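Given next are the chains, with one letter for each unit.
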Amino acid sequence: DSGRSAVAVADRYGCLVGLLTENDVMRCFFEDVDPFLPLDEWLASGMARAPLEFFQRISVSLDDNLSTVVARMVRNSVAGDCACHHVLVREDPVGVSGRCAVLESLDIIQALQQPRMWGKPTLQQFAAETTVEEVMKPRESVFTCPPSDSMKDVLRVLLMTQQNCVMVVDEDGVYGIVTPRDVVRAFAEGVRADVRIMDWLRGLETRINSRIVATSATIGDAAALMVARNLHHLVVTRPGTPTAVGVVSSLDIAFYSCHRAMPESWHARVQREAGPTVGEVVAEEWHSHAVCDRGATLAEAAAFLLGSGRTSAAVALCDDATPLGLLTDVDLMRAYVSCWPRDYTVERWLLVNESSRPAILPPLLVTPSTRLTEAATLMFRAGRGGREPCEHLVVKGAGFGWVGIFSALDVARALCSLGSELDVSKVGVDQLKVSTVMKPAEAVPVCSAHACLREAFTLLMGSFQHALLVVRDDGSFRGLLTTRCALSALAEEVSPETSVEAWLASHPQGDLPRAISPDAPLMEAAIMMVERGLHHLVLKEPDSASLPIGVLSALDVVRGVASARATDPFTSLCWLWSRWGPSSCALWPA
C-alpha cells in the first residue's frame, strides 16, 4: 500500500534488526514459506537479503552524497548476495539504534529532477542530452519466459538472474512484464505459485503499454515517467514501433547519472559458479582428510578406504606429512588384479608404479574457495576423451600442504547440504532427472557370473568405468560389481580366481537397496547415495529379473552438475529475436 520496495524492521525496543525488501517476498513466495512466519524468524533464516550482519554494506550516513549512495547500491547489486536497490540512511552508521530511513533507487531518480540536491549544476543538461538507449539493458540481458510458465517459473528467473524483471514472450510477441512489485502484490493477494503466468497477467491493472519509453527519450523523461507512475522498470521500444529492444530500471538511470558509464559486469549478472566451496565440504567431512601411512600394506590400505567410505587417501612420504600422492580404489584394484603381495607397502607400490599411474594434473589441484559447480566441471573435463575418469580433486592449502580430497561422492554430499530450493536451482540440478545423466545398460560393461574376479576387474579397468553388470546364463541380472568389491577382495584375501558368482553369494546385495527409478529427481539420487554410502545406483524395473535400464554413478552426478553449469537456463529477448524474428519482440496491445 505504501508503494515502497523496502521497509526497516525494528524490535520492540526500537533497535534495527533487518531490512525487508521485495526480493525477500519473492524468495518467500518461491520457497513456499508460510506467509504468517514472524519477521525475526525470516531474518534469521539465512535467506534474507538484508539481515543485521549486512547492515554495514547497506548503510550510509546523512553526510554521504547521492553519488556515494548509488555506488553502494550498484556494488551490492553486482555482488548479488544482499539488498541492492535500497540503503539505510542512519544517524549512527555503526549502532542499531537511532533514527533511520530507507532510501531506494526510485528516490534517487526523483532527486534527479532536482539537480541542486546533487551539487552538480550540469546534471540537468546531462539528463536532457543522454538517451535511454545509452543506459538501458539490451535484448541479450533481458530474460523471458513463455506464457505457459507458472508463477514459480517466473520467480526462479527473477531470483537467479538478479535483473528484477522478466518479459512474458512467445513467437507471437511480448504479453507483459513481471517485476518484484508485481510479485509482492500477488503474494499479498494469496496467488498460488502454480498459477499460469498468462492467466495472472490478464488480471493486472497495470498493462505493459503504460511502461513504455522510446530509445530516443532522454533519461530525464524516463525518470519523470517512473516517478509519476511509481515504476522501477520501463520497456524500451524503437520510436514509432511496438518492438521491444531492452529494459531500463531506476538503478540504471541513477548510476549512469552519477558515473557516466555502466559497470562492466552490469548487464550479465547470472551467477555461473554456485554451491558450497570445496573447502566447506571437506571441513564438514572428517574423512576428506584421510591420510594413509606410507608403511601400511596394500591390504591395510584397502581396509582403510572401505572403513572410511572414501575412494582415495593421501599418502605421506616424509615425516612432515608432505603428501606423496593419491592412492585410489582403482590403484588397489590394479594391484589386486596384478597379484601384488598383500603385505607390500603402499610407499613401495607407489614408487614402483609411479611412471604408469596418472599424475595429479595442475588443474586438479584446487583452492578451498572453488565452488561446487566449478569443481564438478573440472572433474568432468579431466575424464573426457577416453581417459580414466577423474573422481578426485586435491584441495590445496598454503605452500605444498593439502587441505583435503574432494571426491565425486562429495559432489553428492554438497548437493545434500544445499539449504533451500533456490540454492538447488542456482546449482542447476532442480530440473534434472536421473534418466538425463544415467549410463544406459548398453553403455555399461557386462560379465558372466561364471567369470573369475580377475577377468571381471580387468574388464572394468579396460572400460574406464567403476561398475559392471553381472548376468546369469539365462541373461537375468545377478548383481553389480564395483571397485569397492575389489577393495573388499584385497582386504579379505580372496583369490582373484574366485568366480564372480561365488563372490556375490558370499557378499549378498540384498533386495536391491541401491535401486532407483529413472524418473526420480537427481537430488533424490544424491541423497540416497550419501545416506547409504553408495557410489552406484541401479535403475531397474520393480520385480524384474531382466537387466537394469542403466546405472547411475557418483561421477554421473558430477556430469549432471557440470552440464547444468555449461547450459544457460534462461532465454533472452535477443535469442527469441534471432529465432523468431522481430515479431517475437512486438508488444501486444493492452
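Residues numbered from 1 in each chain as written. Predicted model: local features only at pLDDT ≥ 70, side-chain atom pairs only at ≥ 80, totals over all residues. Heavy atoms only, no water.

**Comments concerning the overall build of the protein chain**
- Along the backbone of the protein chain there are 25 helices and 26 strands.
- Counting all 590 residues of the protein chain, 54% fall into the buried class.
- When contacts within the protein chain are restricted to residue pairs at least 6 apart in sequence, long-range pairs at least 24 apart make up 67% of them.
- When the accessible surface of the protein chain is totalled, it reaches about 25,400 Å², and 53% of it is carbon and sulfur. (Helix = DSSP H or I, 4+ residues; strand = E, 2+ residues; numbered from the N terminus. Buried < 20%, exposed > 50% of the residue type's maximum accessible area, 1.4 Å probe, protein only. Contact = heavy atoms within 4.5 Å. Areas by Shrake-Rupley, 256 points an atom, 1.4 Å probe, with all protein chains shown as cover.)

**Brief notes about the sheet that holds strand β4 (residues 86–90)**
- Overall, mixed pairing links the three strands, which are arranged β3-β4-β5 in an open sheet. The two strands at the open ends of the sheet, each matched to only one other strand, are β3 (59–61) and β5 (100–104). When the angles between neighbouring strand axes are averaged without regard to direction, this sheet yields 35°.
- Pairing analysis gives five bridges linking β4 to β5, with the strands arranged antiparallel. By the bridge assignment, Val87 is partnered in β5 with Leu103. (Pairing = 2+ DSSP bridges. Axes fitted to C-alpha atoms, helices over the stretch in contact; angles between N-to-C directions.)

**Here we look at the environment of Ser407**
- Mapping Ser407 onto the fold places it in strand β18 (residues 402–407).
- When its relative accessible area of 3% is taken as the criterion, Ser407 is described as buried.
- A sequence separation of 14 residues divides Ser407 from Leu393, and the C-alpha atoms of the two residues are 6.4 Å apart.
- Ignoring any residue separated from it by four or fewer positions in sequence, one finds Ser407 in contact with Arg310, Thr311, Met379, Glu391, His392 and Arg413.

**Side note on unusual backbone geometry**
- The phi dihedral of Asn230 is positive, around 55°, even though this residue is not glycine.
- As for its placement among the helices and strands, Asn230 is situated in the loop between α10 (219–229) and β11 (233–237).
- Residue classification places Asn230 among the partly exposed residues on the basis of a relative accessible area of 31%.
- You will see that Glu493, though not glycine, has its phi angle at about 60°, which is positive.
- With respect to the secondary-structure elements, Glu493 resides in the loop between α21 (483–491) and α22 (500–506).
- The class of Glu493 is exposed, set by a relative accessible area of 59%.

**Some points on the packing of aromatic side chains**
- Tallied over the full model, the rule gives four aromatic pairs.
- Here a set of aromatic residues connected by ring pairs shows up, and it is made of Trp340, Tyr344 and Trp349.
- Sitting above the plane of the Trp577 ring, Arg139 keeps its charged end 3.9 Å from the centroid.
- Between Lys152 and the ring centre of Phe30, over which it is positioned, the NZ or CZ distance is 5.0 Å. (Phe/Tyr/Trp six-rings, centres within 6.5 Å; stacked < 30°, edge-to-face > 60°. Lys NZ or Arg CZ within 6 Å of the ring centre and 35° of its normal.)

**Things to note about the pattern of salt bridges**
- Summed over all chains, the structure comprises 22 salt bridges.
- Across the pair Arg27 and Glu31 runs a salt bridge whose closest N-O atoms are separated by 3.1 Å. Here the residue Arg27 and the residue Glu31 both occupy positions in helix α1 (residues 22–31), the gap between them amounting to four residues, near one helical turn. A single burial state applies to Arg27 and to Glu31, both of which are buried. (Salt bridge = Lys/Arg side-chain N within 4 Å of Asp/Glu carboxyl O.)

**Some words on the sheet that holds strand β24 (residues 536–539)**
- In space, the four strands of this open sheet follow the order β19-β25-β24-β23, with mixed pairing throughout. The open sheet has two edge strands with one neighbour each: β19 (439–440) and β23 (515–516).

**Comments concerning the nonpolar core**
- With 47 residues, the main nonpolar core has Phe406, Leu415, Val429 and Leu552 as its most contacted residues.
- Membership of the second largest hydrophobic core comes to 38 residues, among which are Ala301, Leu468, Val470 and Leu490. (Core = buried A, V, L, I, M, F, W, Y, C linked by side-chain atoms within 4.5 Å.)

**Quick word on the environment of Glu374**
- With respect to the helices and strands, Glu374 occurs in helix α16 (residues 372–382).
- Apart from residues no more than four positions distant in its own chain, Glu374 is found in contact with Glu273 and Arg565.

**Observations concerning the packing of helix α14 (residues 329–337) against helix α20 (residues 453–462)**
- It is the contact of α14 with α20, at a shortest axis distance of 10 Å, that shows an interaxial angle of 140°. When the axis of α14 is compared with that of α20, the two are oblique. α20 is crossed by α14, and the crossing has left-handed handedness. Between α14 and α20, the contacting residues are Met333, Arg334, Tyr336 and Val337 on the first element and Leu453, Arg454, Phe457, Thr458, Leu460 and Met461 on the second.
- Broken down by class, the residue content of the contact of α14 with α20 amounts to seven nonpolar, one polar and two charged. (Parallel < 35°, antiparallel > 145°, perpendicular 65-115°, else oblique. Left-handed = near helix turned anticlockwise from the far one by under 90°. Nonpolar A, V, L, I, M, F, W, Y, C, P; charged D, E, K, R; others polar.)

**Here's the deal with the side chain of His535**
- Position of His535 among the secondary structure elements: in the loop between α23 (522–532) and β24.
- A relative accessible area of 7% means that His535 is categorised as buried.
- Leaving out residues up to four positions away in the same chain, His535 has contacts with Gly309, Thr311, Leu409, Arg484, Met529, Leu552, Ser553 and Ala554.

**Overview of the side chain of Asn164**
- Mapped onto the elements of the fold, Asn164 is located in the loop between α7 (151–161) and β8 (166–170).
- A polar contact of 3.1 Å, which involves the side chain of Asn164, links it to the side chain of His85. (Polar contact = N/O pair within 3.5 Å; in protein donor to acceptor, adjacent residues only side chain to side chain.)

**Description of α23**
- Here α23 has its buried residues at Leu522, Met523, Ala525, Ala526, Met528 and Met529.
- Looking one or two residues past α23, Gly533 carries a phi angle of roughly 65°, positive in sign.

**Considerations on the confidence of the model for the protein chain**
- Chain-level statistics for the protein chain give a pLDDT mean of 84 and a share of 86% at 70 or above.
- At the low end of the mean pLDDT range in the protein chain sits helix α6 (residues 123–129), at 67; at the high end sits strand β20 (residues 446–448), at 95. (pLDDT = per-residue confidence, 0-100.)

**Points about the packing of helix α13 (residues 298–308) against α14**
- In the contact formed by α13 and α14, the axes pass within 11 Å of each other and the chain directions differ by 140°. Judged by the angle between their axes, α13 and α14 are oblique. Crossing handedness for the pair α13 and α14: left-handed. In contact with Leu298, Ala301, Ala302 and Leu305 of α13, α14 contributes Asp329, Leu332 and Ala335.
- For the contact of α13 with α14, a count of residues per class yields six nonpolar, no polar and one charged.

**Things to note about the environment of Pro548**
- Position of Pro548 among the secondary structure elements: in the loop between β24 and β25 (550–553).
- Owing to a relative accessible area of 3%, Pro548 belongs among the buried residues under this scheme.
- C-alpha separation for the pair Pro548 and Ala441, spaced 107 residues apart in sequence, amounts to 6.4 Å.
- With sequence-adjacent residues up to four places away left out, Pro548 is seen in contact with Ala441, Leu469, Phe477, Val538, Leu539 and Lys540.

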